[in-house]
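Topology and contacts: notes
Chain by chain, the residues run as shown.
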Amino acid sequence: EFRIVTIANAIAAGAPAYAVRAFEFHDHYCPGITSGILIAEYLKEHFPPGKSGYFVHAVEPWCKEDAFLVLLNTTPGKRSYAVSYPTNADKARRAPEAKNAATIVYRQNEQTQKWEGLLLAFDWADTSCPKTGNKVINTLCVDLWYLKRIEKPERFVKVIKTFELPDGVSPIDWTRPGVDPLELLGLAAKVKHH
């Protein structure tokens, strides 16, 4: 019921074809997939990819990841996607400005060959949707609220930091086990090893 009601209503409300592809891949339409669609649209406009495309590193994964796989053509199979599942202790080490860090997106500068990155957060809005007691209807209200604003991703996507990786360093180097990219960016306290 949830899958059918959310996707059918989104199509009826005029959801663009690219958004529908993301819903279909994710198997339903929810605010989480919408956040990924908005971030992807923000990137295409404000941080266009080079010839090598994007490399995405989820530092706080949720439904948005499925939108990136479809809309940004970044996948683990293409060695252009990584996911880290931070613990509560990892999150507690983050600097205040990085508390809501969600995703790092990289692109390679074609002139310098260096990788440039954006650390992004998603600001959830107060949609003022009523609580009806029906989860499907509640979620649909939020979905349709965001759908009406799908062409204004700047309202929700926040750049925490822009940066450039050192010569010879690739995004994969920052996604290896035991590496915290937020620590390398100076946005998380160092882990104390005993």
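See the structure shown above.
A brief report on the enclosed structure follows.

The rules behind these values
- Residue numbers restart at each chain and count upward from 1, following the sequence in its written direction.
- A pLDDT threshold of at least 70 governs which residues receive local features in this predicted model, and a stricter bar of 80 or more applies before side-chain atom pairs are shown or counted, although totals over entire chains, interfaces and linings include all residues.
- Water and hydrogen atoms play no part in the side-chain values, which are based on all heavy atoms of the structure.
- Disulfides are defined as pairs of cysteine sulfur atoms found within 2.5 Å of each other.
- Counting from the N terminus, the helices are DSSP H or I runs at least four residues long and the strands are E runs at least two residues long.
- Residue types Ala, Val, Leu, Ile, Met, Phe, Trp, Tyr and Cys, when buried and joined through side-chain atoms within 4.5 Å, form a set referred to as a nonpolar core.
- Working definition: with a 1.4 Å probe on protein chains only, accessible area under 20% of the residue-type maximum means buried, over 50% means exposed, and in between means partly exposed.
- The contact criterion used throughout is that any non-hydrogen atoms of two residues lie within 4.5 Å.
- Paired strands, in this sense, are two strands between which DSSP finds at least two bridges.
- Orientation is described by axes fitted as lines to C-alpha atoms, over the contacting stretch for helices, and by angles from 0 to 180 degrees between their N-to-C directions.
- For this analysis, a salt bridge means a side-chain nitrogen from Lys or Arg found within 4 Å of a carboxyl oxygen belonging to Asp or Glu.
- Just so you know how the angles are binned, under 35 degrees is roughly parallel, over 145 roughly antiparallel, 65 to 115 roughly perpendicular, and the rest oblique.
- Each crossing is labelled by how the near helix is turned from the far one, with a counterclockwise turn of less than a right angle marking it left-handed and a clockwise turn marking it right-handed.
- Residue type decides the class: Asp, Glu, Lys and Arg count as charged, Ala, Val, Leu, Ile, Met, Phe, Trp, Tyr, Cys and Pro as nonpolar, and the leftover types, Gly among them, as polar.

Quick notes on the state of the cysteines
With the rule as written, the count across this model stands at 1 disulfide. Sulfur-sulfur distance for the disulfide between Cys129 and Cys141 comes to 2.1 Å. Taking the torsion about the sulfur-sulfur bond, which here is approximately -85°, the covalent link between Cys129 and Cys141 counts as left-handed. Of this pair, Cys129 sits in the loop between β4 (115-122) and α6 (135-147) while Cys141 sits in helix α6, and the two are 12 residues apart along the sequence.

Looking at the nonpolar core
Generally speaking, nonpolar side chains in soluble globular proteins are found buried as a group. Membership of the largest hydrophobic core comes to 37 residues, with the highest contact counts inside it found for Phe23, Ile37 and Leu43. The dominant element in this core, judged by the number of residues it contributes, is helix α3 (residues 31-46), at 7 residues. When residues no more than four places from it in sequence are discounted, the contact partners of Leu43 are Pro48, Tyr54, Leu72, Val105, Leu118 and Leu120.

Here's the deal with the sheet that holds strand β5 (residues 157-164)
Backbone-to-backbone hydrogen bonds pair the strands of a sheet. The strands run either parallel or antiparallel. Judged by pairing direction, the sheet is mixed, and its 5 strands sit side by side in the order β2-β1-β3-β4-β5 without closing on themselves. Single-partner strands in this sheet number two, and they are β2 (81-83) and β5. Across the sheet, the axes of successive neighbouring strands diverge by a mean angle of 20°, strand direction being ignored. Pairing analysis gives 5 bridges linking strand β1 (residues 54-58) to strand β3 (residues 101-108), with the strands arranged antiparallel. Counterpart to Ala58 in the pairing with β3 is Thr103. Packed onto the sheet, α3 meets β1, β3, β4 and β5 and runs at close to 145° relative to β4.

Concerning the side chain of Thr74
Examined against the element boundaries, Thr74 turns out to sit in the loop between α4 (64-71) and β2. The buried category is assigned to Thr74, whose relative accessible area is 0%.

A look at the pattern of salt bridges
By the definition in use, this model includes 10 salt bridges. Residue Glu164 is joined to Lys114 by a salt bridge in which the shortest nitrogen-to-oxygen separation is 3.4 Å. Taken as a pair, Glu164 in strand β5 and Lys114 in the loop between β3 and β4 lie far apart in primary sequence, 50 residues in all. Under the relative-accessibility criterion, Lys114 is labelled partly exposed at 22%.

Quick notes on the pairing of β1
A large share of β1 lies buried, amounting to 5 of its 5 residues. On β1, burial covers both faces: Tyr54, Val56 and Ala58 on one face and Phe55 and His57 on the other are all buried. Bridge analysis of β1 against β2 gives 3 bridges, and the strand direction is parallel. Residue pairing across strands places Ala58 opposite Val83, the latter belonging to β2.

Brief notes about the packing of helix α2 (residues 17-26) against α4
Relative orientation of the contacting elements α2 and α4 amounts to 125°, with a least axis distance of 9 Å. Overall, the two elements α2 and α4 adopt an arrangement that is oblique. For the pair α2 and α4, the crossing hand works out as right-handed. Residues Tyr18, Arg21, Ala22, Phe25 and His26 of α2 touch α4, and the partners they reach there are Asp66, Ala67, Leu69, Val70 and Leu71. By residue class, the composition of the contact of α2 with α4 is 7 nonpolar, 1 polar and 2 charged.

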